[in-house]
Amino acid sequence: QVQLVESGGGLVQTGGSLRLSCAASGRTFSGYVMGWFRQAPGKEREFVAAIRWSGGSTVYADSVKGRFTISRDNAKNTVYLQMNSLKPEDTAVYYCAADRTDWAISRTITAYDYWGQGTQVTVSS
């Protein structure tokens, strides 16, 4: 059974940084795409970034490009989201997700098969 466990959220001031982690277990993830999504209060869940486990190709939402970096550590089976220059509008619950097929790096929620429980990120102004 695939399990995704996020950590690293918290409260940070505008301009600060946080690194989120997603510990993945239950199988090997070569052939998967790992994604980060976020959901702010009263808003729909939205795509943030994704990485193809094999090869490391990445895709970012325009709103985070240049500020956020997604990466993975094969030895630790962990995916990271380094978030710099944080803004109040980045405040949301951040979710890690896994897509079992990697023929494309999808930005669509329905493409992802497994989800973590989420971690709260709050950016104060």
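Note that this is a predicted model, so its numbers are computed, not measured.

About the cut-offs
Along each chain, the written sequence defines residue order, and numbers are assigned to residues from 1. Reporting in this predicted model follows two pLDDT cut-offs: at least 70 for local features of residues, and 80 or more for side-chain atom pairs to be given and counted; totals over whole chains, interfaces and linings ignore these cut-offs and use all residues. Excluding hydrogens and water, the side-chain values take into account all heavy atoms of the structure. The secondary structure listing takes helices from DSSP runs of H or I that are at least 4 residues long and strands from runs of E that are at least 2 residues long, numbered from the N terminus. The globule rule used for comparison is 2.2 Å times the number of residues to the exponent 0.38, while the radius of gyration itself is calculated over C-alpha atoms. A simple rule labels every residue: compare its accessible area, found with a 1.4 Å probe on the protein chains alone, to the largest value its type can have, and call it buried under 20%, exposed over 50%, or partly exposed in between. Any pair of residues with heavy atoms lying within 4.5 Å of one another is described as a contacting pair. Method for areas: the Shrake-Rupley scheme with a 1.4 Å probe, in which residue coverage is limited to the protein chains shown. Counted as positive: Lys and Arg. Counted as negative: Asp and Glu, with His and the chain ends omitted from the count. By convention, the charge on Lys lies at NZ, on Arg at CZ, on Asp at CG and on Glu at CD. When a carboxyl oxygen of Asp or Glu lies within 4 Å of a side-chain nitrogen of Lys or Arg, that pair is called a salt bridge. At least two DSSP bridges between two strands are needed for those strands to be called paired. Lines are fitted to the C-alpha atoms to define the axes, a helix being fitted only along its stretch in contact, and any angle between axes, read from their N-to-C directions, falls within 0 to 180 degrees. Here, a disulfide means two cysteine sulfur atoms that sit within 2.5 Å of each other. Any pair of Phe, Tyr and Trp rings, taking the six-membered ring for Trp, is counted once the centres come within 6.5 Å. Such a pair is stacked with planes under 30 degrees apart, edge-to-face with planes over 60 apart, and tilted for the rest.

Outline the overall build of the chain, supporting the account with residue identities and numerical values.
When its secondary structure is counted, the chain shows zero helices and eleven strands. At 13 Å, the chain has a C-alpha radius of gyration in line with the 14 Å of a compact globule built from 125 residues. When the 125 residues of the chain are sorted by exposure, 46% land in the buried category. Pairs at least 24 apart in sequence give 59% of the contacts found in the chain among residues at least 6 apart. Carbon and sulfur atoms form 47% of the exposed surface of the chain, whose accessible area is close to 6200 Å². Across the chain, 13 positive and 10 negative side-chain charges occur, with their mean positions spaced 4 Å apart.

Give a detailed account of the pattern of salt bridges, specifying residues and quantitative values.
Scanning the entire structure with this criterion turns up six salt bridges. Notably, a salt bridge pairs Asp-102 with Arg-52, separated by 4.0 Å at the nearest N-O pair. Of the two residues, Asp-102 is situated in the loop between strand S9 (92-99) and strand S10 (114-115) and Arg-52 in strand S5 (residues 46-52); the sequence distance between them amounts to 50 residues. Between Arg-100 and Asp-113 there is a salt bridge; the shortest N-O distance is 3.3 Å. One end of the pair, Arg-100, is in the loop between S9 and S10; the other, Asp-113, is in the loop between S9 and S10, and 13 residues separate them in sequence.

Outline the sheet that holds strand S3 (residues 18-25), supporting the account with residue identities and numerical values.
Strand order in the open sheet formed by four strands is S1-S3-S8-S7, and the pairing between neighbours is antiparallel. At either end of the open sheet lies a strand with only one pairing partner, and these are strand S1 (3-7) and strand S7 (68-73). Averaged over all pairs of adjacent strands, the angle between their axes in this sheet comes to 15 degrees, without regard to strand direction. Relative to strand S8 (residues 78-83), S3 is paired through six bridges, and the arrangement is antiparallel. In the strand pairing of S8, Arg-19 is matched with Gln-82.

I'd like a description of the state of the cysteines, backed by residues and values.
Throughout the structure, instances matching the rule amount to one disulfide. The disulfide bridge from Cys-22 ends at Cys-96, spanning 2.0 Å between sulfur atoms. Between Cys-22 and Cys-96, the S-S dihedral sits near -75 degrees, and the bridge is therefore left-handed. Within this pair, whereas Cys-22 is found in strand S3, its partner Cys-96 is found in strand S9, the two being separated by 74 residues in sequence. Grouping residues by exposure puts Cys-22 and Cys-96 together as buried.

Break down the packing of aromatic side chains for me, with residues and values.
Enumeration over the complete set of coordinates arrives at six aromatic pairs. Ring geometry for Phe-37 against Phe-47: centres 5.6 Å apart, planes inclined by 75 degrees, an arrangement best described as edge-to-face. Taken together, the residues Phe-37 in strand S4 (residues 33-39) and Phe-47 in strand S5 connect sequence positions ten residues apart. For Phe-47, a relative accessible area of 9% gives the class buried. Relative to Trp-115, the ring of Phe-37 lies with its centre 5.0 Å away and its plane at 55 degrees, an arrangement referred to as tilted.

Give a description of the pairing of S7 that names residues and reports values.
Alignment of S7 against S8, held across six bridges, turns out to be antiparallel. In the strand pairing of S8, Arg-72 is matched with Val-79. The turn joining S7 and S8, which pair antiparallel and follow one another in sequence, is formed by four residues; a positive phi near 50 degrees is taken by Asn-77.

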